[in-house]
Amino acid sequence: MPFVLLVVALLGGGLISLLLLNSALNEGSFQLSKLRKETTALTDEEQALQRDVDAYSAPDALQRRAHELGLVPGGSPVFIGPDGKVAGSAAPAEAPPSPTPAPPAAQGAAPAAPAASPPASQSPAAASPAQPLPQQPTPNPGR
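Just so you know, these numbers come straight off a predicted model, no measurement behind them.

As for the pattern of salt bridges
- As enumerated under the stated definition, the model contains one salt bridge in all.
- In this structure, the salt-bridge partner of Glu 68 is Arg 65, at a minimum N-O distance of 3.5 Å. Of this pair, Glu 68 and Arg 65 both sit in helix H2 (residues 59–68), separated by three residues, roughly a single helical turn.
- Looking at Arg 65, the relative accessible area reads 37%, which means it is partly exposed.

What follows is the structure, given as structure tokens:
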């Protein structure tokens, strides 16, 4: 009789320990699944933010933003040499002329030739790439 009780107690203890081990493994599996979903969501958010950065970094977007801030293409640069000599002559930057609207074409007449574009030296796209733009604060998504 004591041997049977010992065997039953060992089997019961083994079953209870297996149940606890199985529960712990399932809990870890649920946590792993939750973390994978969170990783996927954060990856999607990172990609969306990278697309926004790329859109704001595009040359046309930078030019439009600079124009909105009232910036104009830089004038002729002046350099100071290591010996203190100044090379070049300083000139203030001038705003490019505003584009004039093309006159409306008469009805029934052939369309007018396209308006001539301003010279490349006066266009805002020809601005010096070394011209600094104001730094915009970048959002930090809680990292």
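Some thoughts on the packing of helix H1 (residues 2–57) against H2
- Packing of H1 against H2 leaves a shortest axis separation of 5 Å and a crossing angle of 65°. Taking contact as the criterion, the partners of Ala 55, Tyr 56 and Ser 57 in H1 are, on H2, Pro 59, Ala 61 and Leu 62.
- Residue classes in the contact of H1 with H2 are distributed as five nonpolar, one polar and no charged.

As for a nonpolar patch on the surface
- A cluster of nonpolar side chains, namely Phe 3, Val 4, Leu 6, Val 7, Val 8, Leu 10 and Leu 11, defines an oily patch on the protein surface of about 710 Å² accessible area.
- Residue position: Phe 3 is located in helix H1.
- Assessed through its relative accessible area of 62%, Phe 3 is described here as exposed.

A short note on the confidence of the model for the protein
- In the predicted model, the protein carries a mean pLDDT of 78, and the fraction of residues at 70 or more is 67%.
- The secondary structure element of the protein with the lowest average pLDDT is strand S2 (residues 86–87), at 90, and the one with the highest is H1, at 94.

About the criteria used
Residues numbered from 1 in each chain as written. Predicted model: local features only at pLDDT ≥ 70, side-chain atom pairs only at ≥ 80, totals over all residues. Heavy atoms only, no water. Salt bridge = Lys/Arg side-chain N within 4 Å of Asp/Glu carboxyl O. Helix = DSSP H or I, 4+ residues; strand = E, 2+ residues; numbered from the N terminus. Buried < 20%, exposed > 50% of the residue type's maximum accessible area, 1.4 Å probe, protein only. Axes fitted to C-alpha atoms, helices over the stretch in contact; angles between N-to-C directions. Contact = heavy atoms within 4.5 Å. Nonpolar A, V, L, I, M, F, W, Y, C, P; charged D, E, K, R; others polar. Patch = residues over 30% accessible without salt bridge, like charges linked within 9 Å, V, L, I, M, F, W, Y side chains within 5 Å. Areas by Shrake-Rupley, 256 points an atom, 1.4 Å probe, with all protein chains shown as cover. pLDDT = per-residue confidence, 0-100.

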